[in-house]
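# Tertiary structure, described
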Amino acid sequence: MRCLGVIPARYHSSRLPGKPLVDLNGKPMIEWVYRRAAAARSLERLLVATDDERVRAAVERFGGEAVMTRPEHASGTDRVAEVAARIAADLYVNIQGDEPLISPRTIDALCEAMRRVGDSVQVATAQVPLEEPGEAASPHVVKVVADQRGRALYFSRALIPFRADGGLSAHKHLGIYAYRRRLLLELDRLRPSALERCERLEQLRFLDNGIAIHVETVSEDSVGVDTPEDVERVIPLLENDGAMRVRAGEKANQEGG
């Protein structure tokens, strides 16, 4: 199975202008993301899909591959879909361009999950156990609930499930996806749904259209960089040899996650 890693990198950001090129310990953020993703064993090829020549030039300076895509895309998924229309592969892994601590093992886990579940599942994503109270209450941290087969039931910015008996643990959704090519090429036919607009979560468009999403449990969290405050938070982690925050890793492994 040919797995292509795609890092969508839109230059403009309302909360952090020029986000892909923000300096993190002497390197642009996109370089940190690229080098982490390049360590994934499952990717046959890795590229950055951008709408800005400054990002393309930065990627090529550190030896990465970049392609130019249309500026009007509303989401990273749309940008990945344009790549899929131009470059053939079996699987496309959408790696967020603002997560410089993404684990290559998470990428490998998603690719392996798509091999395991078979062609009936067109998209997969990842989750980690949610344990920090601050993240549980934050609408900026997306939560996910999956069924016993690992299929997503719902994604929300609210805390789900509501734990009346305390019997179930909550999970944080990691914004990484693996898509089969057929789904990406048919993306234009899927119109934004009411739930998607309500929660401002594009993955709800798939659920609203009856498209199953496999949710793979992983042990390593990632840290998104959306604001100047996030930059200050991530720099010490990068200084510590790019150490990842591990969320209940031993527990997840023991439970076969």
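Above this note sits the structure.
Residues numbered from 1 in each chain as written. Predicted model: local features only at pLDDT ≥ 70, side-chain atom pairs only at ≥ 80, totals over all residues. Heavy atoms only, no water.

## Points about the overall build of the protein chain
Along the protein chain, the regular secondary structure elements total 10 helices and 11 strands. Expected size for 257 residues packed as a compact globule is a radius of gyration near 18 Å; at 17 Å, the protein chain falls within 12% of this value. Dimensions of the protein chain, computed from the C-alpha atoms along their principal axes, are close to 55 × 40 × 35 Å. By residue count, 56% of the 257 residues in the protein chain fall in the buried class. Of all intrachain contacts in the protein chain linking residues separated by at least 6 positions in sequence, the fraction that spans at least 24 positions is 69%. With the model as given, the accessible surface of the protein chain reaches about 12,100 Å², and the carbon-plus-sulfur share is 49%. (Helix = DSSP H or I, 4+ residues; strand = E, 2+ residues; numbered from the N terminus. Rg over C-alpha atoms; globule rule 2.2 N^0.38 Å. Buried < 20%, exposed > 50% of the residue type's maximum accessible area, 1.4 Å probe, protein only. Contact = heavy atoms within 4.5 Å. Areas by Shrake-Rupley, 256 points an atom, 1.4 Å probe, with all protein chains shown as cover.)

## A closer look at helix α4 (residues 104-117)
Taking 1.5 Å of rise per residue, 14 residues should cover 20 Å, and α4 covers 20 Å from first to last C-alpha, within 8% of that figure. Lining the buried residues of α4 we find β1 (3-9), α1 (29-38), β6 (91-94), β7 (123-129), β10 (171-180) and β11 (213-217). Between the side-chain oxygen at the start of α4 and the backbone nitrogen of Arg-105 there is a gap of 3.1 Å, and the oxygen is on Ser-103. (Expected span 1.5 Å × (residues − 1). Polar contact = N/O pair within 3.5 Å; in protein donor to acceptor, adjacent residues only side chain to side chain.)

## Some thoughts on the nonpolar core
One recurring pattern in soluble globular proteins is that nonpolar side chains are buried together. Among the nonpolar cores identified, the biggest contains 45 residues, and Leu-24, Val-48, Ile-95 and Ile-176 are the most heavily contacted of them. The leading source of residues in this core is α1, at 6 residues. Ignoring anything within four residues of it in the chain, the contact list for Ile-176 reads Val-93, Asn-94, Ile-95, Ile-102, Thr-106, Ile-107, Leu-110, Ala-124, Thr-125 and Ala-126. Core analysis: the next-biggest nonpolar cluster, separate from the first, contains 29 residues, Val-6, Tyr-92, Leu-187 and Ile-213 among them. (Core = buried A, V, L, I, M, F, W, Y, C linked by side-chain atoms within 4.5 Å.)

## Concerning the pattern of salt bridges
Using the criterion set out here, one finds 22 salt bridges in the structure. Here Arg-189 and Glu-186 are joined by a salt bridge, their closest N and O atoms 3.4 Å apart. You can call Arg-189 exposed: its relative accessible area is 53%. For Glu-186, a relative accessible area of 30% translates into the label partly exposed. Between Glu-196 and Arg-205 there is a salt bridge whose closest N-O contact spans 2.7 Å. In this structure, a network of salt bridges that share partners links the residues Arg-15, Lys-19, Asp-98 and Asp-226. (Salt bridge = Lys/Arg side-chain N within 4 Å of Asp/Glu carboxyl O.)

## What to know about the environment of Gly-175
Looking at the secondary structure, you find Gly-175 in strand β10. C-alpha of Gly-175 to C-alpha of Gln-127: the two residues are 48 residues apart in sequence and 8.7 Å apart in space. If near-sequence neighbours (up to four positions away) are discounted, Gly-175 is found in contact with Asn-94, Gln-96 and Glu-99.

## Observations concerning the environment of Ser-120
The residue Ser-120 is located in the loop between α4 and β7 in this model. Of the residues examined, Ser-120 reaches a relative accessible area of 64% and is grouped as exposed. C-alpha separation for the pair Ser-120 and Ile-211, spaced 91 residues apart in sequence, amounts to 9.6 Å.

## Comments concerning the packing of aromatic side chains
Counted under the stated rule, the structure contains 3 aromatic pairs. Ring centres of Tyr-179 and Phe-206 lie 6.1 Å apart, and the angle between their planes is 50 degrees; on these two criteria the pair is classed as tilted. Taken as a pair, Tyr-179 in strand β10 and Phe-206 in helix α8 (residues 204-208) lie far apart in primary sequence, 27 residues in all. Accessibility classification places Tyr-179 together with Phe-206 in one group, the buried group. By the ring-pair criterion, three or more aromatic residues cluster together here, those being Tyr-177, Tyr-179 and Phe-206. Above the ring of Trp-32, the side-chain terminus of Lys-27 is found at 4.8 Å from the ring centroid. (Phe/Tyr/Trp six-rings, centres within 6.5 Å; stacked < 30°, edge-to-face > 60°. Lys NZ or Arg CZ within 6 Å of the ring centre and 35° of its normal.)

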